[in-house]
Amino acid sequence: MTATLEYTPALQTKLPHVGTTIFTVMSQLAAEKGAVNLGQGFPDFECNPKLVDAVSDAMQRGLNQYPPMTGVPVLRETIAHKIQGMYGRRYDPNTEITITAGATQAIITVILAVVRPGDEVIVLEPCFDSYVPNIELAGGTVVPVPLTPGTFRPDFDKIAAALSPKTRAILINSPHNPSATTWSQADMLKLQELLAPTDVLLISDEVYEHMVFDGHDHQSTARYPGLAARAFIVSSFGKTYHVTGWKVGYVAAPASLTAEFRKVHQFNVFTVNTPMQHGLATYMADPQAHLELPMFYRRKRDLFRAGLANTKFKLLPCEGTYFQCVDISSLGVPERKLPEADFCLWLTSEIGVAAIPLSAFYGNSFDQHVVRFCFAKKDETLNIALERLARL
Ligand code: GLN
């Protein structure tokens, strides 16, 4: 008789620097401590019931089996229409738009499709925490280029200096998480000029495209033919329609790039859930929801900023996204001197407001005494948080 011995072989980690994402850590701690969660970016209010009805109708109508691998045709057509109307570029819904399970899946799939071992990929730090591990999983080399400290503006001399014959791609994100800055037309033109003589691909994360404030327009990569021709544009519905948990997004890219993207996508998620795609297509046919979004969030931004102006936090500008960054160094409490991550743990546990440290968006945990709040919350929630923050 042989004894059944349980043996789990040891694994050599592929991602030695990765733990649980800061967003999950802070949300769990906020829940445990009963803190107001201004950490992870998601609304605490409901989406429009019409959107839920549209998804429910799709289910009732029996649209519950696999959709086409590339996404439900009517949704791809609606997206093409929206991009053309807003940014003036026509993407072919059949060959140039693919529905994904959110933007995070879209980005890793792009990276797996284009990055080979030894390729360099430029990221502009601070950057969203999935980019770097994605590049590492593909065997690529991450080339971090800092955004200008203090202003978070792109430094094109530094970007130019980082380009090499090995550069496969550069990842950009505007409106920017976490700094809440947006790229200007001049920035986009400069990037276009810089990349023109190269074979470098552009991965443009535009998930906050409908949250640009103060009358400015979102400078989508789709507006710049020289960039769009080499770009994977990634966006999603979670932020725009207040449904971050639905995890539906898309990639728009020229047909030859889309073909390679789809080779990986089909063996990664294969398809994205059918009724949500139909529901989103029905709902977004009326552009009102995304056209009203800047005003909706601008009001929340202004409410939150006005409240913060009565605290000792120093406000950084907020041009887009639903994030507000603050400098903690002028607070009246000794904890202001803690590293950002420890400060956020303390703020969540002791003051009852969760925030995200900017150091989580840097490979070397660069600390500049700045933390990020999310203002995609009911006014009551923001007011409770503000009352607590005013004590510091
Ligand atoms: N994009 C969201 C944020 O920055 C979080 C997404 C996530 O938790 N992975 O807060």
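Everything numeric in this text was worked out from a predicted model, so none of it was measured.

Draft legend 1. Quick peek at the sheet that holds strand β9 (residues 314–315). Strand order in this open sheet of four strands is β9-β10-β13-β12, and the pairing throughout is antiparallel. Of all strands in the sheet, those bounded by a partner on one side alone are β9 and β12 (356–357). Pairing between strand β10 (residues 323–327) and strand β13 (residues 370–374): five bridges, direction antiparallel. Bridge pairing in β13 places Q324 opposite F373. Across the face of the sheet, helix α11 (residues 288–308) comes into contact with β9, β10 and β13 while running at roughly 15° to β10.

Draft legend 2. Representation of the side chain of S179 within the structure. In this structure, S179 sits in the loop between β5 (167–173) and α7 (185–195). A polar side-chain atom of S179 sits 2.7 Å from a polar atom in the side chain of H176. Not counting residues up to four positions away in its chain, the partners in contact with S179 are F152, P317 and C325.

Draft legend 3. Expanded view of the packing of helix α2 (residues 49–60) against helix α10 (residues 274–284). Contact geometry for α2 and α10: axes closest at 8 Å, N-to-C directions at 130°. When the axes of α2 and α10 are compared, the pair comes out oblique. Where α2 crosses over α10, the handedness of that crossing is right-handed. Between α2, through K50, L51, A54, V55, A58 and M59, and α10, the contact on the second element is made entirely by P275, M276, H278, G279, L280, T282 and Y283. Looking at the contact of α2 with α10 residue by residue, the classes come out as nine nonpolar, three polar and one charged.

Draft legend 4. Representation of the nonpolar core within the structure. In this structure, F313, L347 and F373 are the most contacted members of the largest nonpolar core, which totals 69 residues. At six residues, helix α4 (residues 102–114) tops the list of elements feeding residues into this core. Not counting residues within four places of it along the chain, the set of residues in contact with F373 comprises L38, F304, F313, Y322, F323, Q324, V326, L347, V353, A354, A355 and L389. With 54 residues, the next largest nonpolar core counts L51, I122, V143 and Y250 among its residues.

Draft legend 5. The pairing of β5, seen in detail. Across the seven residues that make up β5, a large majority, six, are buried. Pairing of strand β3 (residues 120–125) with β5 involves four bridges; the strand directions are parallel. Bridge pairing in β5 links E120 to T167. Here β5 pairs with strand β6 (residues 201–205) via five bridges, running parallel. Looking at the pairing, I170 lines up with L202 of β6.

Cut-offs used in this document
- Residues numbered from 1 in each chain as written.
- Predicted model: local features only at pLDDT ≥ 70, side-chain atom pairs only at ≥ 80, totals over all residues.
- Heavy atoms only, no water.
- Pairing = 2+ DSSP bridges.
- Helix = DSSP H or I, 4+ residues; strand = E, 2+ residues; numbered from the N terminus.
- Contact = heavy atoms within 4.5 Å.
- Axes fitted to C-alpha atoms, helices over the stretch in contact; angles between N-to-C directions.
- Polar contact = N/O pair within 3.5 Å; in protein donor to acceptor, adjacent residues only side chain to side chain.
- Parallel < 35°, antiparallel > 145°, perpendicular 65-115°, else oblique.
- Left-handed = near helix turned anticlockwise from the far one by under 90°.
- Nonpolar A, V, L, I, M, F, W, Y, C, P; charged D, E, K, R; others polar.
- Core = buried A, V, L, I, M, F, W, Y, C linked by side-chain atoms within 4.5 Å.
- Buried < 20%, exposed > 50% of the residue type's maximum accessible area, 1.4 Å probe, protein only.

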